[in-house]
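Tertiary structure, described
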Amino acid sequence: MKRRAILMLTALAMTVSITACGSKNTDETAADSTEVAMTEAGTEETETESEEVLPEGMYRSELTNELIDESLKNQRPIAVMVDNESIALPHYGLSQADVVYEMMNSTLNGRITRFMVLVKDWENIKQLGSIRSVRPTNILIASEWNAVICHDGGPFYIDEYMADPSVDNFSGTFSRVDNGKSREYTEYILPGDLDKNFENSGVSKEYTSYYEGPHYQFASESNPVDLSSASDAIDANTVDLPFPHNGSYLEYNADDQLYYYSEYGKAHVDPGNDNKQLCFKNLLIQSCGYTQYDEHGYLIFDCVSQGGGYYVTNGKAIPVTWKKEKMTSPTRYYDAAGNEIKINTGKTYVGFVPVDDWLDLVIE
């Protein structure tokens, strides 16, 4: 029998020490870094990790913690809006994205969702899309990564957010691919498109002064996060999201310890990457309120706020709380004791679940 994953948001939020939010150990170059944690018994537990020696010319990506070329270290990621209507399938390039957000795009049409995908090494994009319009929530989230938004227009509700000096974007300036579909499903990022956009716009390829630093805290690959010992952990072999239009769900594969994404009743595959199925090491599921703008279903999520959710990895899930202080601030995630969580090396899926659908989330 399916077990509904019901998070007691108010009670959990009260356990989080808000004054401790946003703290981060940035001393990554010390020969020996010491971390002090409190055990459930209330005693101090000390772990010592020696400095990692990286291969020459490589560094660990701030998006995934994977080793990538050091030349990319200061390069801003892009945040690409991708249509998620069934007619837009198959998507190209999503399996090569670093972080994928999925959220309700409209309260109409069965609360259809849209993707926003973050890509650090965008020079290697062969084809990504199809590209569609952006919403205010996406701008607020892209800003916390200092990412350049790639989209094709949007409702006038985006105007005040686009005007913020922290925001850079490219709109409707990408290639058209004759895929036999109507025009709104034919725009993709192809090789050379982004170089041309940067050259013609003067937008910085490198992080700007609005970048507040690394986003997630990662566990070392030699000592990955294991949630099985957490007292509040639950099994998470399937995560069934309450997105009625496309029926998103993720299934855990114990062999490679990854979560595989499906929607519309079938595996989500990428023809631009040998038909590989979209998969993730980490899942962050956020309960989030929203405000509907009008009768057309346009909305904004209350993402500059705080709330509850789950962190999921390696077949287990723990309840978390999240907090985002302002437009450019990274969203931070905390366990029941109020400690900022670490996540595992790899790609991350972030799902925004409307608070009025939260009780329909199933994790089992």
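Let us look at the structure shown here. Note that this is a predicted model, so its numbers are computed, not measured.

Each value, and the rule that gives it
Residues numbered from 1 in each chain as written. Predicted model: local features only at pLDDT ≥ 70, side-chain atom pairs only at ≥ 80, totals over all residues. Heavy atoms only, no water. 1 Å grid on protein atoms, 1.4 Å probe; cavity = no way out; pocket = protein on both sides within 12 Å on 5 of 7 lines; lining within 4 Å. Points joined across faces, edges and corners; volume = space filled by probe spheres on them. Nonpolar A, V, L, I, M, F, W, Y, C, P; charged D, E, K, R; others polar. Buried < 20%, exposed > 50% of the residue type's maximum accessible area, 1.4 Å probe, protein only. Helix = DSSP H or I, 4+ residues; strand = E, 2+ residues; numbered from the N terminus. Phe/Tyr/Trp six-rings, centres within 6.5 Å; stacked < 30°, edge-to-face > 60°. Pairing = 2+ DSSP bridges.

Overview of the layout of surface pockets
There is about 320 Å³ of room inside the second largest pocket. Lining of the second largest pocket is provided by 19 residues; of these, Gln96, Asp98, Val119, Asp121 and Asn124 occupy positions nearest its centre. Looking at side-chain class alone, the lining of the second largest pocket contains 6 nonpolar, 6 polar and 7 charged residues.

Some words on helix H2 (residues 136-143)
Owing to its 3.6 residues per turn, the α-helix aligns residues three or four sequence positions apart on the same side. Of all 8 residues in H2, 8 are buried, a share of seventy percent or more. Of the residues making up H2, those classed as buried are Pro136, Thr137, Asn138, Ile139, Leu140, Ile141, Ala142 and Ser143.

Digging into the packing of aromatic side chains
Taken as a whole and judged by the stated rule, the model has 17 aromatic pairs. Residues Trp145 and Tyr216 carry aromatic rings whose centres are separated by 5.3 Å and whose planes lie at 80° to one another, so their mutual orientation is edge-to-face. Taken as a pair, Trp145 in the loop between H2 and strand S9 (148-151) and Tyr216 in the loop between helix H4 (193-201) and strand S13 (234-235) lie far apart in primary sequence, 71 residues in all. Given a relative accessible area of 3%, Trp145 falls into the buried group. Ring geometry for Tyr252 against Tyr259: centres 4.9 Å apart, planes inclined by 40°, an arrangement best described as tilted. Note on accessibility: Tyr252 and Tyr259 belong to one class, buried. Connected via pairs of aromatic rings, a cluster forms that spans Tyr101, Tyr290, Phe301 and Phe352.

Here we look at the pairing of strand S16 (residues 258-263)
As judged from the 5 bridges shared by strand S15 (residues 249-253) and S16, these two strands associate in the antiparallel manner. When the bridges of S16 are listed, Glu251 appears paired with Tyr260. With antiparallel pairing between neighbouring strands as the criterion, S15 and S16 make up a hairpin whose turn holds 4 residues, including Gln257 at a positive phi of roughly 60°. Where S16 lies against strand S20 (residues 279-280), 2 bridges are found, and the strand directions are antiparallel. Across the sheet, Tyr260 pairs through a bridge with Cys279, a residue of S20. When S16 meets strand S17 (residues 266-267), the two strands line up antiparallel, connected through 2 bridges. From the neighbouring strand, Ser262 faces S17, where its bridge partner is Ala267. Two successive antiparallel strands, S16 and S17, enclose a turn made up of 2 residues, where Tyr264 displays a positive phi of approximately 50°.

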